[in-house]
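Structural characterization, general
Each chain is listed here by its residues.
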Amino acid sequence: MKKIIFLTLFISALILSCKSAQNYARELSRKLIEENRPDITFRSAKIKNMTLSDITLECVLDIKNNLPEEMPIEKIEIELINTDGKTFATANSVESLKIPANETRTKTVILNAKYFEVYSTALTSLRNRNVKCTAKTYITFTMARMKFRFPYTVEIVFIQ
């Protein structure tokens, strides 16, 4: 009887220790991915088209995977914020983008902004044929069954 109880306790302890080791390995993986998050650079930003109602903006991004395995990006979100702190354009790119280990890929994102919103907050900049703004960008991907959403903030200049 004592052997059965001892064996049951031993197996239970073994199972619990395996679960702890599995959780610890998962934390290490999350930590590794967070420490080596992708780098994002705005290669170019320009006004692609202007009409009386809206402005089409084009951003070209370079995204560098700093991890030793392929990164499957699921979503890129961009929010352009004017000098008054108001969002005047957004884009959600839901096309998947796979970036091989330690490589960089280019992604073009198109944004539409209402002309009035841009014009009312950046009249001086438009006269100079450029618009400065802050781009809040989020990259979402899933690796090792863990979802990540990394934020980036950068000031960009759109030139016509």
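Presented here is a report on the structure given in the accompanying data block.

Parameters and conventions
- Residues numbered from 1 in each chain as written.
- Predicted model: local features only at pLDDT ≥ 70, side-chain atom pairs only at ≥ 80, totals over all residues.
- Heavy atoms only, no water.
- Helix = DSSP H or I, 4+ residues; strand = E, 2+ residues; numbered from the N terminus.
- Buried < 20%, exposed > 50% of the residue type's maximum accessible area, 1.4 Å probe, protein only.
- Phe/Tyr/Trp six-rings, centres within 6.5 Å; stacked < 30°, edge-to-face > 60°.
- Lys NZ or Arg CZ within 6 Å of the ring centre and 35° of its normal.
- Salt bridge = Lys/Arg side-chain N within 4 Å of Asp/Glu carboxyl O.

1. Some remarks on unusual backbone geometry
Despite not being glycine, Ala144 shows a phi value in the positive range, around 50 degrees. Tracing the backbone through its elements, the reader meets Ala144 in the loop between β7 (130–143) and β8 (146–159). On the accessibility criterion, Ala144 (51% relative accessible area) is exposed. The backbone of Arg145 sits at a positive phi, close to 60 degrees, despite the residue not being glycine.

2. Here's the deal with the packing of aromatic side chains
Inspection of every chain in the model, using the stated rule, returns three aromatic pairs. When the ring of Phe141 is compared with that of Phe150, the centres are 5.8 Å apart and the planes differ by 40 degrees; the resulting orientation is tilted. Each ring, one from Phe148 and one from Phe150, has its centre 5.9 Å from the other, and the planes form 15 degrees; the classification is stacked. Aromatic ring contacts, followed pair by pair, group Phe141, Phe148 and Phe150 into a single cluster. If you follow Arg37 out to its NZ or CZ, it ends over the ring of Tyr152, 4.4 Å from the centre. The residue whose ring lies beneath Arg149 is Tyr138, and the NZ or CZ to ring-centre distance is 4.0 Å.

3. Notes on the pattern of salt bridges
All told, the structure shown has nine salt bridges when counted by the stated rule. The residue Lys46 makes a salt bridge to Glu58 at a minimum N-O spacing of 3.8 Å. Residue Lys46 is located in strand β1 (residues 39–50), and its partner Glu58 is located in strand β2 (residues 54–64); the two are separated by twelve residues in the primary sequence. Overall, the relative accessible area of 40% leaves Lys46 in the partly exposed class. Judged by its relative accessible area of 13%, Glu58 falls in the buried class. As a salt-bridge pair, Lys107 and Glu95 come within 2.4 Å of each other at their nearest N and O atoms. Residue Lys107 is found in strand β6 (residues 104–114), and its partner Glu95 is found in the loop between β4 (87–93) and β5 (97–99); the two are separated by twelve residues along the sequence. Since its relative accessible area comes to 9%, Lys107 is described here as buried.

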